[in-house]
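Coordinate analysis (summary)
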Amino acid sequence: MSCQDWPEPIVRVQSLSESGSTDIPDRYVKPPAERPVLPNSRINGDDEKINIPIINLAGLDGGDENARREILGQISAACREWGFFQVVNHGVRHELMDDARENWRQFFHSPMEVKQAYGNSPKTYEGYGSRLGVEKGAILDWSDYYFLHYRPCSLKDFNKWPATPASCREVIDEYCKELVRLSGRLMKALSINLGISEDRLQNAFGGDNIGACLRVNFYPKCPQPDLTLGLSSHSDPGGLTLLLPDHQVTGLQVRKGDNWITVKPAKHAFIVNIGDQIQVLSNANYKSVEHRVAVNSANERVSLAFFYNPKSDIPIEPVKELVTEESPSLYPPMTFDEYRLFIRTRGPKGKSQVESMKSPR
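Reading the values: rules and limits
- Residues numbered from 1 in each chain as written.
- Predicted model: local features only at pLDDT ≥ 70, side-chain atom pairs only at ≥ 80, totals over all residues.
- Heavy atoms only, no water.
- Helix = DSSP H or I, 4+ residues; strand = E, 2+ residues; numbered from the N terminus.
- Rg over C-alpha atoms; globule rule 2.2 N^0.38 Å.
- Contact = heavy atoms within 4.5 Å.
- Areas by Shrake-Rupley, 256 points an atom, 1.4 Å probe, with all protein chains shown as cover.
- Lys, Arg positive; Asp, Glu negative; His and termini not counted.
- Charge placed at Lys NZ, Arg CZ, Asp CG, Glu CD.
- Axes fitted to C-alpha atoms, helices over the stretch in contact; angles between N-to-C directions.
- Parallel < 35°, antiparallel > 145°, perpendicular 65-115°, else oblique.
- Left-handed = near helix turned anticlockwise from the far one by under 90°.
- Nonpolar A, V, L, I, M, F, W, Y, C, P; charged D, E, K, R; others polar.
- Pairing = 2+ DSSP bridges.
- Polar contact = N/O pair within 3.5 Å; in protein donor to acceptor, adjacent residues only side chain to side chain.
- Phe/Tyr/Trp six-rings, centres within 6.5 Å; stacked < 30°, edge-to-face > 60°.
- Buried < 20%, exposed > 50% of the residue type's maximum accessible area, 1.4 Å probe, protein only.
- Lys NZ or Arg CZ within 6 Å of the ring centre and 35° of its normal.
- Expected span 1.5 Å × (residues − 1).
- Arc of directions from axis to C-beta.

Each helix and strand counted, the chain has 9 helices and 14 strands in total. Expected size for 361 residues packed as a compact globule is a radius of gyration near 21 Å; at 20 Å, the chain falls within 12% of this value. Oriented by its inertia axes, the alpha-carbon framework of the chain measures out at about 60 × 45 × 40 Å. Considering only residue pairs separated by 6 or more positions, the chain has 80% of its internal contacts joining residues 24 or more positions apart. Total accessible area on the chain is roughly 15600 Å²; 50% of this is exposed by carbon and sulfur atoms. Across the chain, the centroid of the 43 positively charged side chains sits 2 Å from that of the 46 negatively charged ones.

All right, on to the packing of helix H3 (residues 94–108) against helix H5 (residues 168–193) then. Where H3 contacts H5, the axes come no closer than 10 Å and their chain directions differ by 135 degrees. The angle between H3 and H5 falls in the class oblique. Note that H3 runs across H5; the crossing there is left-handed. Two secondary-structure elements touch here, H3 through Leu96, Met97, Asp99, Ala100, Asn103 and Trp104 and H5 through Cys168, Val171, Ile172, Glu174, Tyr175 and Glu178. In terms of residue class, the contact of H3 with H5 is built from 8 nonpolar, 1 polar and 3 charged.

One open sheet holds the 8 strands; their spatial order is E1-E2-E10-E7-E12-E5-E4-E3, and the pairing between them is mixed. Two strands in the sheet have a free side with no partner beyond their single neighbour: strand E1 (54–56) and strand E3 (127–129). For this sheet the average axis-to-axis angle between neighbouring strands, irrespective of direction, equals 25 degrees. Both strand E7 (residues 240–244) and strand E12 (residues 301–309) contribute to a ladder of 5 bridges, which runs antiparallel. Opposite Thr241, over in E12, you have Phe307 as the bridge partner. Strands E1, strand E2 (84–88) and strand E10 (270–274) of the sheet are contacted by helix H2 (residues 65–81), whose axis makes an angle of about 160 degrees with E1.

Here we take up the environment of Asn89. Its place among the elements puts Asn89 in the loop between E2 and H3. In the structure, Asn89 is positioned 235 residues away from Thr324 in sequence and 37 Å away in space, judged by C-alpha atoms. Among the polar contacts listed, one links the side chain of Asn89 to the side chain of Asn56, at a separation of 3.0 Å.

Within this structure, the stated rule accounts for 15 aromatic pairs. With 5.3 Å between their ring centres and 75 degrees between their planes, Phe107 and Phe108 make a pair best called edge-to-face. Grouping residues by exposure puts Phe107 and Phe108 together as buried. Measuring from ring centre to ring centre gives 6.3 Å for Tyr175 and Phe270, while their planes differ by 55 degrees; the resulting arrangement is tilted. Taken as a pair, Tyr175 in helix H5 and Phe270 in strand E10 lie far apart in primary sequence, 95 residues in all. Here Tyr175 and Phe270 have matching classes, each one buried. Through a chain of ring-to-ring contacts, three or more aromatic side chains come together here, namely Trp104, Phe107, Phe108, Tyr118, Tyr128, Tyr146 and Phe218. One residue, Arg215, lies across the ring of Tyr145, its end atom 4.3 Å from the ring centre. For the cation-ring pair, Lys256 lies above Trp82, with the distance from its terminal atom to the ring centre recorded as 4.6 Å.

Right, let's talk about the environment of Cys176 for a bit. Take Cys176: it is sitting in helix H5. Relative accessible area serves as the criterion here: at 0%, Cys176 is assigned to the buried category. Counting along the chain gives 169 residues from Cys176 to Pro7, while the straight-line C-alpha distance between them is 32 Å. Discounting residues that sit within four places of it in the chain, Cys176 has contacts with Tyr150, Leu214 and Phe306.

Glancing now at H2. A turn of α-helix holds 3.6 residues, and therefore any two residues three or four places apart point the same way. In a regular helix each residue adds 1.5 Å, so 17 residues correspond to 24 Å; H2 covers 24 Å between its end C-alpha atoms and thus fits that length. Residues of H2 that are buried: Ile71, Leu72, Ile75, Ser76, Ala78 and Cys79. One face of H2 carries all of its buried residues, which in axial projection span an arc of 165 degrees. Opposite its buried face, H2 presents the exposed residues Asn66 and Glu81, each directed more than 90 degrees away. Those residues of H2 that are buried are in contact with E1, E2, H5 and E10.

Printed below as a string of structure tokens:
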């Protein structure tokens, strides 16, 4: 099927939420096996429960070699055991993080005609959207979103970014610039921990010619949160993801073995996770991890997912330093352009894509 347009008329989930209906449409009801176990959705500061690691990055680039080694060790353990971790003291201003989130919250509460002017299509996904994938009759997720490109510069188009509220474009621009910088620091740490030169993964991504984009998720209140998901289970197709979660309402759940762990965000932390491209480059030393989003009936949620990706036309395959006779290459070369067609066509489907790529042994 052509990816030029959506297979059915788009329904905005926010409109469904605000309609006052006590039942969600059948299009959003997940099969029983995919329905969430709902946590207490308010962040209550209860640190007793299990959570993904929280890593303090202060000292990562400093002169104290022992402190640096300690931080690198924490990142290495988190990548191997979880594929997810939170970072604090990361160098991004807290005011900028709060401004970015609140600008987007204001955008999603703008009049519908303002938002519809940015309505997207599956050709590029840029703009205001309400579904992933183009399968007719697919079960949909309980969320709206906004997707935009930041890098490469040839794809960055301010006219496709919201002009409402007035400060939105300026704030987005500064926010993305800071996250490109932070992503570069994390890429160095991942390379060092893999025992390869510190710029090796960055160079495999295209050096300075990387891709970077932002997907802002809006999860409206849901009258039947036990029947649906805000975002279905998936691993991220790109390189690294840096998520700015809602500071008041939880929802992100990470797969750990057979369990789903609800992430409790630390204040002004970013949640970092490994994407499929890093799994491929590392020859599965690091693995991307399935995650999903639960919704709730009492509170809406806003989160900002920043995707740091390879240049889209470079073939991505395991770096040669990590391929040996004992650890042969697990994946054939594939560009990110080819790779992301899967999620853009079929929508989020667990880890089925990266697993299906493995070379026959």
